[in-house]
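So the chains spell out like this:
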Amino acid sequence: MNVGYLIEDGYQHAFPVRALLRVRKAPVFTTGAQIAARFRDQTDVIVAPFPKLVELMKARAIDVVFTTSQNFDPDAIRKTIPTARVVHIGHGESDKTHGPSNERRFVYDQNNRRFDLMLIASHEHDRLSVNPNRELVGYLRHDLVVANGLHERIPDPWILWAPAYGQHSAIEPWLDAVVDATARLERRLVIHLHPFSARLEPHVVRRVQAVVLASPHVRLARVLDLAELMARCELMLGDVSSASWDWLMFDRPIVFLDHPGLDKPEEKRVFSVGPVVSPGDDVTAVLAAELAAPTTRSSDRTTALADRYFSLDGHAARRAIEATERWWSERWQ
Amino acid sequence: MTGGIAVVGAVPPEAEVNASRAQTALLEALDARGIPAWPVVLADDQAVAHAIEHADVVVLIDSRPVHAELARVTRLATARRLALIPSGYAFCEIAMRTCDRCPLAKSCPSSDRVAVHRALAARADLIVYASDVQRTASEQFLGVRSVTKIIPPPGIPTLPSAPISTDAIAFVGGDPMEWQALFAWATANPQRSLVIHAPLRDGATPANVQIAPPLNSRTQLQAIAAARTLVILPGHPLPYGIAAAAAYRAGKEVIANERVGVAAHATDAAVLDRELAAAANAHVDALVALAAQPVSSHARPLELGSVLLYVHHIGLGDSINFLAVASSLTDAGAHVTFAVPAGHHPLLADQLASVVSAQDLDLATARRAHDLIIEVTIQPSDAFAGDIVEDRWIQLALERQPSAMSPMHEQFLALFARAGHALVPRRPTIELTPAELAAGRDVLAGIALDRELVVAIHPGAGNPNKWWAPARFAELIAKLRGRGARIVLVGGANETTLVDEIAALVGGVDVIRCGTSLRDVGSVLAAATIVVSNDSGLMHLASAVGTPTLGIFGPTSERLWGPTHPYAMGVRSRSADPATALAALTADEVERAFISLAGKVAAEPPLSPSSRIAVSPRLQRIANGDTVEWRGRAVVAVSGGDDPVAPVVEACRAEPTWSSLVESIDRDLVTALLAAELIVPVWSLRVSG
């Protein structure tokens, strides 16, 4: 089994491969120069456009491709490398894994049917997936949190905001109030915009940049692995973004920013683990209360995390590689 | 009141357009009450600074929707007391508030423009709207403030008396909604006869409608006075409607819709007359009351501290343009380290303190040493590698500009403006040493190009997609030679083949092969009269060293990326999309643009010392009593005994050089006559044909 890791340009696609590299070394094939730069000290890295990458995989006789992306069609890989097996590894809650009963493009991708194997993190995704070739392995990001002791680090007096993009983003309705509240509480506000924001909503990026220029306590962060930034923060502002679920691994307070763009109940499932503020509410008071009593909702958070993910033992990557090797030896060869 | 009141407008009062009329009327009303007041043009940075420092109250009465002014508008927030008396909708990208039909598709609430004006409105100590219509249309964007008043605008003119010669009259710009409404009114009233003063338009016109040429603001009033009815049916909210108010006041029939501010308020002539008469005093009263209030405590300029402006993965033109941004940051008090690509460093190193080569910079150390990191790249993904957590950092991606209408570097100043940092726009300039400039002139002199109109043509560009076809350049060169231009082809180290191809096509053209020194290239470009160039780094360099430049554009926007010299132009085919625009651009179109640019250059000293000056062929001398009018493009009138113009004209019949002319005759006079085109450079006669 000659393995290659395929990473779409975008930081959210990097961490599963980071976790897998701890268990199995293999070359990284990526469409992003930034991603390439981040992996060069860990393994061989090849950066090129997708069609070229597939040719280069063929040249290296790659026969199992791990990919984090549902934007690369497995058939396109197999067209060039007919014997290749394409394995999907999830990158978070925004994986388009819902079943075909819900045809909205952003929650379901037809490519899901074409993966030779899907390695799944959460019980919910397992339930919604329609691809029979799937296995529950656990959450690869949790592996990194455990392995690096991120959840045990003493946080700085920072408040993290990693908003979603588009209509789900809380930036437009909430930015001014949050900047004001964090200044009052003498906390640093660290904003990590969604990777799509730069491309799809430059006006949002510009608005946040203006806040950085105007407010010395605000930072715009850019990190490969959001978990490392989470480890430094004492509270997070959440919305529909998958980052809210990731935050639960740290068992620290989270305050949810509700707004009219979140118009579906399923988008607010995670809201049960923290206070929810609506536009017009006194967000400063809510933040102050959570910061003063950070453990109050600890049991809610840990329960929600355990209910959601399969086997949070820090060995999801090992199970992922073992499952793939089993499929290779028992079914694909 | 000790400091007086500064009334800031986008245009000077003497322009006598609608926007300046309100400014003039307010100044007159203040003067009538004995209150010291003076006009300030927003683009006059020194005058704005003086107003902020000395005036008791700064009044912003008008600003235009151009990005360069956002920084200047932001400066006003530091005034002791600030009043806004907007004459329109300066927060609107198109100044019209036609949101339902606007091409920006309602994305503007997030724009720099709205943010800047919203912050200014939040800071203002007084906001005066002309009508409820203007207030409603504005507050959706600027927010609701308790310091708001509604007072009709000052300076509503009185109609002159005139016999009725027209039934109904209307004035239209380019708004199709207004055309539709007027045609609908005319169709519904076939017994009426409607004259619409407007630019010519295609399409059918109702039988009872006559289209007449547009009128200026003064003749417009005369036309209304001679009409029985004024029809005013705009498709966008008119803050007040000066023409409508004047017509109502004169007791004329006015057909108006609810978008006309005055129509939504008061239409009775007597009531309106009383209100308008009181308006000027109401403005003055409000300003006097404001001047008596304590000074706002929050009017403090923000400090930028130390700034690392780190530009990489960008072209030469971008580095030159960001030199202007770095200069503006420095002017605003920031301690700037300007890190540029290694290849651009020798050109830029002496232009500003702390210009460093990015290649030589220890980035990690530099990031720690600065308060603010501004990373500039072409694309977002070009950013430097590594996590960014601690830094106060932003990345500016040149391909992600919020506006397609304003120069790239000005848009970055707008970003700072919306953050409250008042950066004064600077034009990108490169200062070469006298020795370097002399060396450039020597290069041209060495090929006998020192006494003519010298046009340097740069046919290359770093990106081959920006190359205009060599055959088109050859065609253009033939045309320009026919107009008396001496042509020199300038090529970079990697453009030998391209330059040789064009030289072979035209024959006899001088070629200057530039090595790798950008300063050497700059000195040659500085010595030329005009540079014609593809959109390239050398185009920006030519503009920055002070040479009028004609940029040839196709896949890129001349509005965003055009040369910035005051006498610079971008030419681009209007009929094609970006992918085909360069191929569609003809030599005739570039030649026309060249003639237009050359005309401006010819009228603007300093000219080359060796330029020969002649009498303009269209010069007329008309004597009328003891007054003599010399007519060229403009008129110079002389009255009394001596006529200082005559000796200059006489001297120019011998076609002296510019240097000998200004040595023997008062330079200011010669300059004025050149600007009026009574005298002209000899080369311009052949260019204009």
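Coordinates for the structure precede this section.
Here's a quick rundown of the structure. What you are looking at is a predicted structure, and each value in this text was computed from that prediction instead of being measured. Residue positions are given per chain, counted from 1 along the sequence in the order it is written. Lettering for chains starts from A, numbering for ligands starts from 1, and both go in the order in which the items are written. Residue-level local features of this predicted model are given only where pLDDT is at least 70; pairs of side-chain atoms are given and counted only at 80 or more, and the full residue set underlies all totals for whole chains, interfaces and linings.

1. Here we look at the overall build of chain A
Put simply, DSSP H or I for four residues or longer makes a helix, DSSP E for two residues or longer makes a strand, and each gets a number counted from the N terminus. Helix and strand counts for chain A stand at 14 helices and 13 strands. Scaling as 2.2 N^0.38, a compact globule of 333 residues should have a C-alpha radius of gyration of about 20 Å, and chain A matches this with 20 Å. Principal axes of the C-alpha set define a box for chain A whose edges measure 60 × 40 × 40 Å. Any pair of residues counts as being in contact when their C-beta atoms, constructed from backbone geometry, are within 7 Å of one another. Taking the contacts inside chain A whose residues are at least 6 apart along the sequence as the reference set, 63% of them involve residues at least 24 apart. Each radius of gyration reported is based on C-alpha atoms, and the globular scaling rule is 2.2 Å times the count of residues to the power 0.38.

2. Observations regarding the nonpolar core
Residues and elements named next belong to chain B. By definition, a nonpolar core groups buried Ala, Val, Leu, Ile, Met, Phe, Trp, Tyr and Cys residues that are joined through C-beta atoms within 7 Å. Our exposure labels follow a C-beta count within 10 Å of each residue's own C-beta, placed from the backbone: buried means 20 or more other C-beta atoms, exposed means 12 or fewer, and partly exposed covers the counts in between. Formed by 313 residues in total, the largest nonpolar core has its most connected members in V8, V58, V59, A244, L309 and L525. Per-element accounting of this core gives the leading share, eight residues, to helix α10 (residues 316-331). In this structure, V8 is in contact with V40, L42, V48, A51, V58, V59, L60, I61 and L76, ignoring residues within four places of it in sequence.

3. Considerations on the interface of chain A and chain B
Each partner contributes to the interface: chain A provides 25 residues, whereas chain B provides 23 residues. Elements that contribute at least two residues to the side of chain A that touches chain B include exactly α2 (33-39), α8 (197-200), α9 (202-214) and β10 (218-220) of chain A. Of all the elements, α9(A) adds the most residues to the side of chain A that touches chain B, at nine residues. Lys, Arg, Asp and Glu make up the charged group, whereas Ala, Val, Leu, Ile, Met, Phe, Trp, Tyr, Cys and Pro make up the nonpolar group; the residues left over, Gly among them, are polar. Looking at the side of chain A that touches chain B residue by residue, the classes come out as 14 nonpolar, four polar and seven charged.

4. Description of the pairing of strand β5 (residues 126-129) of chain B
Residues and elements named next belong to chain B. Going residue by residue along β5, you find L126 and V128 tucked away on one face and I127 and Y129 tucked away on the opposite face as well. Pairing between strands requires that DSSP locate at least two bridges from one strand to the other. Two strands pair when backbone bridges link them, and strand β4 (residues 82-84) and β5 are joined in this way by two bridges, in the parallel orientation. From the neighbouring strand, L84 faces β5, where its bridge partner is I127. Seen with its strands pointing away from the viewer, a crossover is right-handed when the path leading from the first strand over the helix to the second is clockwise. Handedness of the β5-helix α5 (residues 132-142)-strand β6 (residues 148-150) crossover: right-handed.

5. A word on the pairing of strand β10 (residues 227-232) of chain B
Residues and elements named next belong to chain B. With five of six residues buried, β10 is to be regarded as a mostly interior element. Across three bridges, the pairing between strand β7 (residues 166-171) and β10 is parallel. Each bridged residue has a counterpart across the sheet, and for I169 the counterpart in β10 is L230. Where β10 lies against strand β11 (residues 253-256), four bridges are found, and the strand directions are parallel. The partner of T229 across the bridge, within β11, is E253. At this point the chain moves from β10, through helix α8 (residues 242-249), to the parallel β11, and the crossover so formed is right-handed.

6. A closer look at the environment of W327(A)
Residue and element names in this part refer to chain A. Position of W327 relative to the elements: it lies in helix α14 (residues 316-332). Between the C-alpha atom of W327 and that of D116, which follows or precedes it by 211 residues, the distance is 9.3 Å. With sequence-adjacent residues up to four places away left out, W327 is seen in contact with L117 and W332.

7. Some words on helix α22 (residues 645-652) of chain B
All names here are of chain B. Taken together, the buried positions of α22 are occupied by V645, V648 and C652. In an axial view of α22, the angular spread of the buried residues amounts to 65°, which keeps them on one side of the axis. Where α22 is buried, its residues contact β23 (613-615), β25 (627-631), β26 (635-639), α24 (667-675) and β27 (679-681). In this description, one arc is meant: the one made by directions from the helix axis to the C-beta atoms.

8. A short note on the packing of helix α14 (residues 434-446) of chain B against helix α17 (residues 518-527) of chain B
Residues and elements named next belong to chain B. A fitted line through C-alpha atoms serves as each axis, taken over the contacting stretch for helices, and the angle formed by two N-to-C directions is quoted from 0 to 180°. Running from N to C, α14 and α17 cross one another at 65°; their axes reach a closest spacing of 7 Å. The pairing of α14 with α17 is recorded here as roughly perpendicular in orientation. By crossing handedness, the relation of α14 to α17 is classed as right-handed. Contact residues: α14 offers E436, L437, A439, G440, R441, V443 and L444, while α17 offers R519, S523, V524, A526 and A527. For the contact of α14 with α17, the per-class residue count stands at seven nonpolar, two polar and three charged. Angle categories are assigned with fixed cut-offs, so that under 35 degrees is roughly parallel, over 145 is roughly antiparallel, 65 to 115 is roughly perpendicular, and the rest are oblique. Helix crossings are classified by the rotation of the near helix relative to the far one: an anticlockwise turn of less than a right angle makes the crossing left-handed, while a clockwise turn makes it right-handed.

9. Considering the sheet that holds strand β6 (residues 117-120) of chain A
For sheets, the rule is that strands pair by backbone hydrogen bonds, running either parallel or antiparallel. Residues and elements named next belong to chain A. Here we have seven strands laid out as an open sheet, ordered β3-β2-β1-β4-β5-β6-β7, and parallel in their pairing. Both outer strands of the open sheet, β3 (45-47) and β7 (134-136), are each paired with one neighbouring strand and no more. The average undirected angle you get between the axes of adjacent strands in this sheet is 20°. As defined by bridge partners, strand β5 (residues 85-89) adjoins β6 across three bridges and the pair is classed as parallel. Looking at β6, one finds that H88 is bridged to M118. Most of the contacts of α14 go to β6, to which it runs at about 155°, and overall it touches β4 (64-67), β5, β6 and β7.

These figures capture arrangement, not role.
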